[in-house]
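An overview of the molecular structure
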Amino acid sequence: MPVTGTSAGGIDEKKWFRVHRRVAEPRLRLLCFPHAGGTAQLFHGWPALLPADVEVLAVRYPGRQDRLAEPCIESMAAMADAVATALRPWLDRPLALFGHSMGACVAYEVALRLETRGTGPAHLMVSAHEAPQRAERAALHEADDATLINHVRRLGDMHSEAYDIPELRDLLLPALRSDYRLIESYHPTHPTPVKAPLAAYVGQDDTSCALDGVRAWSDLTTPGSFDLRAFPGDHFYLVPRQADVVADVAARLARAGHPGRPALRMAPAGLPRDDGPTGR
């Protein structure tokens, strides 16, 4: 069990992660990254669907829930630096990363930082977001409240009724707008590939990201180390399809950290299997 505290860089590691399931001697840790405006609660049901030797953590972004009093982070570099620094006590076991929507890009940037330090993840899994070099530029973080809320509602039904309650809307909107500022100001033109195997997930009816853009994550890993999975549903497909998604994640984690084993190749649900590193 890692001993957490305050790092030399001033990061309070205890604040950054919610441990959804503690394991005395984990074989591997899975760290999950929520979407814009999201919280670690998105992944609370995952431990029951994963092997007992997988410890499950989720990132707690500042500016919401029990970190409500803290300022939000509006820079991708600052967010990824903070998470990577807070992770140091947790790197005594192999680590896999799963990020949804904005969290996909944060997870990717954290993976790059960990690899630079020689403690790269055993697997990187990205969900519901195009590869960063393919994502369209937008400025929703500058829009009025009604426009931003309507955009979020069009993505799918994910507790958006909270925005109808003035008191909750006032609490939720600052974090949502800050997260959109973070992801919409993130435009790496030549992103660095990761060394880890990379799997991309997408909802078949997700209008926020084109399939070719999601497939472009294949350019950000080594040849033969990319896989694509599509599931029925919208941007938040992983909620109604939780059991299927976590089963796929579990299959990948079963091989994570075992470089001598062949890479897992699975036919995407409803899509032909990707046969090469580019997916084309």
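Notes on the structure follow. None of the values given here were measured: they were computed from a predicted structure.

Turning next to the overall build of the protein chain. On a plain count of helices and strands, the protein chain comes out with seven helices and seven strands. Going residue by residue from the N terminus, the α and β elements of the protein chain occur as α-β-β-β-α-β-α-β-α-α-β-α-β-α. Counting over 280 residues, the protein chain shows a buried share of 55%. At a minimum sequence separation of 6, the contacts of the protein chain that also span at least 24 residues come to 78%. Working note: accessible area of the protein chain is about 12,000 Å², and carbon and sulfur atoms make up 53% of it.

Turning our eyes to something else, we now look at the sheet that holds strand E3 (residues 54-59). The seven strands lie next to each other as E1-E3-E2-E4-E5-E6-E7, forming an open sheet whose pairing is mixed. Strands at the two margins of the open sheet, each flanked by one partner only, are strand E1 (17-21) and strand E7 (226-231). Direction aside, neighbouring strands of the sheet carry axes that sit 20° apart on average. The pairing of strand E4 (residues 95-100) with strand E5 (residues 123-127) spans five bridges and is parallel. Bridge pairing in E5 places His 100 opposite Ser 127. The sheet strands contacting helix H7 (residues 242-255) are strand E2 (28-33), E3, E4, E5, strand E6 (198-203) and E7, and the helix crosses E7 at an angle near 165°.

Spanning 14 residues, H7 covers 20 Å between terminal C-alpha atoms, matching the ideal 20 Å at 1.5 Å per step. Each element contacted by the buried residues of H7 is listed here: E2, E3, E4, E5, E6 and E7.

If you trace the backbone, Leu 172 turns up in helix H5 (residues 166-184). A relative accessible area of 33% means that Leu 172 is categorised as partly exposed. On a C-alpha basis, the gap between Leu 172 and Arg 64 in space is 7.4 Å, while along the polypeptide they are 108 residues apart. Those residues in contact with Leu 172 that lie beyond four places of it in its chain are Ala 162 and Tyr 163.

On to the pattern of salt bridges. Oppositely charged side chains can pair when the atoms bearing their charge come close. This structure, assessed with the given rule, holds 20 salt bridges. Ionic pairing is found between Arg 93 and Glu 25, a salt bridge with its closest N-O pair at 2.2 Å. Taken as a pair, Arg 93 in the loop between helix H2 (76-86) and E4 and Glu 25 in the loop between E1 and E2 lie far apart in primary sequence, 68 residues in all. Taking the relative accessible area as the measure of exposure, Arg 93 reaches 22% and is therefore partly exposed. The exposure class assigned to Glu 25 is exposed, which follows from its relative accessible area of 59%. Of the charged contacts, one joins Asp 179 and Arg 64 as a salt bridge, the two residues approaching to 2.7 Å between their closest N and O atoms. Highlighted residues: Asp 179 in helix H5 and Arg 64 in the loop between E3 and H2, separated in sequence by 115 residues. In this pair, the class of Asp 179 matches that of Arg 64, namely buried.

This part is about the nonpolar core. Of all hydrophobic cores here, the largest spans 58 residues; its most connected members are Phe 17, Leu 31, Phe 33, Val 110 and Trp 217. With residues near it in sequence (within four places) discarded, Trp 217 still touches Ala 104, Cys 105, Tyr 108, Val 126, His 129, Glu 130, Ala 131, Pro 132, Leu 198, Ala 200 and Phe 226. Core analysis: the next-biggest nonpolar cluster, separate from the first, contains 27 residues, Ala 40, Val 54, Ala 58 and Phe 231 among them.

With that out of the way, let us pick up the environment of Ala 36. Structurally, Ala 36 is set in the loop between E2 and E3. Look at Ala 36 and you get buried, because its relative accessible area is 15%. A C-alpha to C-alpha distance of 5.1 Å links Ala 36 and Asp 179, two positions 143 residues apart in sequence. Ignoring anything within four residues of it in the chain, the contact list for Ala 36 reads Met 102, Leu 176, Asp 179 and Tyr 180.

What you tend to see is this: most non-glycine residues have negative phi, and most peptide bonds are trans. Notably, Ser 101 is not glycine yet its phi reads approximately 60°, a positive angle. Tracing the backbone through its elements, the reader meets Ser 101 in the loop between E4 and helix H3 (102-116). Classification of Ser 101 as buried rests on a relative accessible area of 11%. Residue Ala 128 is not a glycine yet carries a positive backbone phi of 60°. In this structure, Ala 128 sits in the loop between E5 and helix H4 (145-155). Take Ala 128: its relative accessible area is 2%, and that puts it in the buried class.

Rules of the game
- Residues numbered from 1 in each chain as written.
- Predicted model: local features only at pLDDT ≥ 70, side-chain atom pairs only at ≥ 80, totals over all residues.
- Heavy atoms only, no water.
- Helix = DSSP H or I, 4+ residues; strand = E, 2+ residues; numbered from the N terminus.
- Buried < 20%, exposed > 50% of the residue type's maximum accessible area, 1.4 Å probe, protein only.
- Contact = heavy atoms within 4.5 Å.
- Areas by Shrake-Rupley, 256 points an atom, 1.4 Å probe, with all protein chains shown as cover.
- Pairing = 2+ DSSP bridges.
- Axes fitted to C-alpha atoms, helices over the stretch in contact; angles between N-to-C directions.
- Expected span 1.5 Å × (residues − 1).
- Salt bridge = Lys/Arg side-chain N within 4 Å of Asp/Glu carboxyl O.
- Core = buried A, V, L, I, M, F, W, Y, C linked by side-chain atoms within 4.5 Å.

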